[in-house]
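The residues making up each chain are set out below.
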Number of protein chains: 2
Amino acid sequence: MSEQPATGQTPIDALGLPVVLLSHRGPVSFARSAAGRTAQRGSGGLVTALTGLAGHLPEAVWVCAATSDEDRRIAVEYGDKAVDVALEPAAHISEGDEPGPHLRLRLVDVDPRQHEDFYSVIANPLLWFVQHGLYGLASAPELTRREREAFDTGYAAVNAHFADAVVEQVHAHGGRALVMLHDYHFYLVAERVRRECPRALITHFTHIPWPEPDSWRVLPPDLRERIFRGMLGNDVVAFHTRRFARNFLLGCQELLGLRVDLDAMTVTAGGREVLARYYPISVDVASMEAMMGSDAVQEHLQALDEAFLSDRKMILRVDRTDPSKNIVRGFRAFDTMLGDHPELVGTVRFFALLQPSRQDIPEYFDYIGAIGGVVAEINARHGADAIELRLESDLPLAVAAYSRCDVLMVNALNDGMNLVAKEMVLVNSRGGVLLLSENTGAHEELGEFAITVYPFDIQQQADALYAALTMPAAERQDRLVAAAAVVRHNDVGRWLRRQIRDVLRLPAATDG
Amino acid sequence: MSEQPATGQTPIDALGLPVVLLSHRGPVSFARSAAGRTAQRGSGGLVTALTGLAGHLPEAVWVCAATSDEDRRIAVEYGDKAVDVALEPAAHISEGDEPGPHLRLRLVDVDPRQHEDFYSVIANPLLWFVQHGLYGLASAPELTRREREAFDTGYAAVNAHFADAVVEQVHAHGGRALVMLHDYHFYLVAERVRRECPRALITHFTHIPWPEPDSWRVLPPDLRERIFRGMLGNDVVAFHTRRFARNFLLGCQELLGLRVDLDAMTVTAGGREVLARYYPISVDVASMEAMMGSDAVQEHLQALDEAFLSDRKMILRVDRTDPSKNIVRGFRAFDTMLGDHPELVGTVRFFALLQPSRQDIPEYFDYIGAIGGVVAEINARHGADAIELRLESDLPLAVAAYSRCDVLMVNALNDGMNLVAKEMVLVNSRGGVLLLSENTGAHEELGEFAITVYPFDIQQQADALYAALTMPAAERQDRLVAAAAVVRHNDVGRWLRRQIRDVLRLPAATDG
């Protein structure tokens, strides 16, 4: 087992079980250049957190999708054998006993048309929209034969394919393992894995909101029931917040007629008890702090200082251009605030670092247009540099901006967690005030130190911006310090340890 | 008290309390012509049901809005005194002891600008949209200072104004009365009436859906809390279905942190217990049957027989052009069904009798355009008379069509009850099959005799249409007879008696 002791009272080593992870995106993707095979580390909260986990567990295997051509070549080359990847100094396929953290990867190649139906017809538009409440139900969705077939031949087929890859890895460990499934791509996997591997312990973590029962009625009963039944193949279904875990149980009760216990947070299905739990995910504090000290961040910081000088305040947002992030209303609130307080015009700028996202989905394509439109309108009204819009992804720039901002706006309609909020409070050095939507997962932890915003109420968001910009320095600092302490305590290691602790308490954990 | 005994085991007379009703629309509206003052009876399920109630209770006073100029003249003329209206032979203000059913009306005049904010900024767009789940949350609503002010100076002010009119009437009866408040226009009335009339029994009936807690988060906390707190001024809050009553309690729990009992269906607030109950409203069976025999209906029936001949089947829908009715997807399902079963082209027509509605609300205006667009598209594809679209309101024509149709499509996104479904099964004479959305209130009673449709799934609705059109005659007839029996049993009299029975069981009913 690992030399590296896991911090805290529940060492991950105590698990005593091999771990099989499944997520759609993996920790590394490969490419081929003139210099040969190269590897690039994945980004994003989930991948970072799980990479931390896998680094602690040499016996872990991470099952994920082959996304590049080179990934697919490796998938063919290695078949059902896992690939040993050394992560340092740069990620590469390891040929022998190298020191430093390793990962074992099982890249799964999927037929491109099945993958398209799975990913671009079901998971990202349909499930994402249902779970974030994004549909304007008067006109969308229109579920036709196309979507019904895509659920069967895309989503369900791809889930079965990944389930089989997981089953292989569990069987390679003698049929006994902890299987940790991740996110909305894989709701149907647990049921199949349980059938094939009755001695496995299976958990599923949903990283996006789990809405109330009636929201699921957007899907016809056979689809929504397959999703819930698929999830009931787990021993533990996990979410970021109490609200989501409770919604899962209410859905079992209302949509499937199952017996639930809302105090014990369990549901009984097929004679088995399934636990609904919540564990707020977090960031890797050490790596955030390391990045803060990097040359790239420091250079950006200097440029930001020059652009904003010391007396211009910065309202920041860092998001994908996802309609769930509520970007347009955020700008309208800024506009309203400047209209209500014209003395602030010119003294405060809105810096928006927005990564274009899912431009193959019409609503996302239109949303970038709406963002551009409202920015032009506001800059025409209040000065050409009132809002600085950057449509790109640049993590060092984002971190520099977290450090420098006076206000961070997180006004999402609905958001499973929102790690941007946690990153900002960790590295900010100006008493940055967090404006945090009540509908983010992060609000359960950080709401008391933030100014809560209500995502549909533009006037309230405008008033919140003004309150943040005029808050006394001491109060700003107190709130920031308190929020950062929560993030440091509830770090990603704790997120993981709490899950492992609950798995170890399962009756099935000692049944062997 | 009334000479007319109420049928069933709980005579309304047993109430022994004067009744004060409140609804926005009243049972009669007045006009002035060359011949003098004329009165027109209101239509709609609620008004019909309450007129039945008031007819049984000579001591009842009905408080409602003055909607015409003549109504306003009467409001000024009579002040806070109720107007005695005889309903037969034609409704008129009664000057003495006339035989036949009477009503006592208290017309309330409201400042037009307040009323506009109350009705056209808050009640009909905002509350209606929130409660029917109609917003595309990525872009709407945008709550600004305008909406916030309209809530205060419109909705809350108009509620206070009507509450004062109710209080006057309760005081005129010595402070002890049964106050029955109705619908989404008046969520804030009970709290004020209770404060002024602590000995009153107060109930509120919501005729539209009451959605799950998170749906209310579209409103900022002060607004949603005022609505829930307003409702908690009642002794009983009533809805059409178990689901809506339960959602109310869950909202009290999640949004206000109150203690609820989901078995007893109660919530405790301010030391008082409030009951959440459900009573499915229905139609007046006798008056539906009387109308069926009327000349107007019989003439329409003959015309329909000529238009459809005996061998052409009729799919019918009768609705306001409200996006919640899901009219466009219904036509798309018909299109899909004809595409899947081309042998049916020409043998079945879709007759859509749609009353234009709320054309001052942009989404409604656009929706009529969408309806016209999809009808043109489908008629171009399948024949010019595939869909016959009539944009008008014509009750005798609707009743004739109920009688003649082979299939009635009720595929609403969300609908408090849907009386169209009940009317059709009462008067249909061709084994008409009901297609009924799972999201209508009527589905709790009639779902087992209908073909359930899932409003977002066009393919499923197309398959349901085909199943209905090809169902064996005996099965069609059996289902129709069974559904009609349920409607006859759960008629509007029973709706009312069950409410009165529960009021009589309240501890406060005997406290006096």
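The following paragraphs examine the structure supplied in this document.

How each quantity is defined
For every chain, the first residue of the written sequence is number 1, and numbering continues from 1 onward in sequence order. As a convention, the first chain written is A and the first ligand written is 1, with the rest following in written order. Thresholds applied to this predicted model are a pLDDT of at least 70 for local features of residues and 80 or more for the giving and counting of side-chain atom pairs; totals over whole chains, interfaces and linings are not thresholded and use all residues. Side-chain measures here rest on the full set of heavy atoms in the structure, leaving out hydrogens and waters. Following DSSP output, two strands are said to pair if at least two bridges run between them. Here a strand is any run of E in DSSP of at least two residues, a helix any run of H or I of at least four, and the numbering for each starts at the N terminus. For the exposure calls, accessible area comes from a 1.4 Å probe over protein chains only, and a residue counts as buried if that area is under 20% of its type's maximum, exposed if over 50%, partly exposed in between. Between N-to-C directions, angles cover 0 to 180 degrees, with each direction set by a line fitted to C-alpha atoms, over the stretch in contact for helices. For classification purposes, an angle smaller than 35 degrees is called roughly parallel, one larger than 145 roughly antiparallel, one from 65 to 115 roughly perpendicular, and anything else oblique. It is the rotation of the near helix from the far one that decides the hand of a crossing: anticlockwise by less than a right angle makes it left-handed, clockwise makes it right-handed. Here, two residues are considered to be in contact whenever any of their heavy atoms come within 4.5 Å of each other. In this classification, Asp, Glu, Lys and Arg are treated as charged, Ala, Val, Leu, Ile, Met, Phe, Trp, Tyr, Cys and Pro as nonpolar, and every other residue, Gly included, as polar. A 1.4 Å probe that fits into a set of points on a 1 Å grid over the protein atoms alone but cannot get out defines a cavity; an open set with protein on both sides within 12 Å along at least five of seven lines defines a pocket, and lining residues are those with an atom within 4 Å of a point. Grid points are joined across faces, edges and corners, and a volume is the space filled by probe spheres set on the points. Defined here as a combined quantity, buried area equals the accessible surface (1.4 Å probe) lost by two parts on assembly, summed across both. Salt bridge criterion: a side-chain nitrogen from Lys or Arg within 4 Å of a carboxyl oxygen from Asp or Glu.

A look at the pairing of strand β3 (residues 36-41) of chain B
Residue and element names in this part refer to chain B. Note that strand β2 (residues 28-33) and β3 share 6 bridges and pair antiparallel. Note on β3: the bridge partner recorded for serine 29 is glutamine 40. Hairpin connection, β2 to β3: the antiparallel pair is bridged by 2 residues.

Description of the environment of valine 63 of chain B
All names here are of chain B. Tracing the chain through its elements places valine 63 in strand β4 (residues 61-65). You can call valine 63 buried: its relative accessible area is 0%. Separated by 100 residues in the primary sequence, valine 63 and alanine 163 place their C-alpha atoms 9.6 Å from one another.

As for the packing of helix α12 (residues 395-404) of chain A against helix α13 (residues 419-427) of chain A
Residues and elements named next belong to chain A. Interaxial distance between α12 and α13 falls to 7 Å at its minimum, and their mutual angle equals 60°. Relative to α13, the element α12 lies oblique. Considering the relative orientation of α12 and α13, their crossing is right-handed. Where α12 abuts α13, its residues Val399, Tyr402 and Ser403 lie against Val420, Glu423, Met424 and Val427. Of the residues contributing to the contact of α12 with α13, the split by class is 5 nonpolar, 1 polar and 1 charged.

Description of empty space enclosed by the protein
Applying the stated criterion across every chain yields a total of 9 cavities of 30 Å³ or more. Put simply, the largest cavity is a space of about 780 Å³. Taken together, 45 residues form the lining of the largest cavity, with Gly133, Leu137 and Ser215 of chain A together with Gly133 and Ser215 of chain B sitting closest to its centre. Contributions of two or more residues to the lining of the largest cavity are made by α3 (112-132) and α7 (242-256) of chain A together with α3 (112-132) and α7 (242-256) of chain B.

Some words on the environment of alanine 400 of chain B
Residue and element names in this part refer to chain B. The topology assignment puts alanine 400 in helix α12 (residues 395-404). Separated by 101 residues in the primary sequence, alanine 400 and glutamate 299 have C-alpha atoms spaced 8.5 Å apart. Non-local contacts of alanine 400, meaning those with residues more than four positions away in its chain, are made with Val297, His300, Leu301 and Leu304.

What to know about the interface of chain A and chain B
Listed per partner, the contact involves 43 residues of chain A and 43 residues of chain B. Surface buried jointly by chain A and chain B totals about 3,700 Å² across both partners, of which 44% is contributed by carbon and sulfur atoms. Put simply, aspartate 214 of chain A and arginine 243 of chain B hold a salt bridge, and the shortest N to O gap is 3.4 Å. Tallying contributions element by element places α7 of chain A first for the side of chain A that touches chain B, with 7 residues. Looking at side-chain class alone, the side of chain A that touches chain B contains 18 nonpolar, 9 polar and 16 charged residues.

Read these as spatial facts, not as claims about activity.
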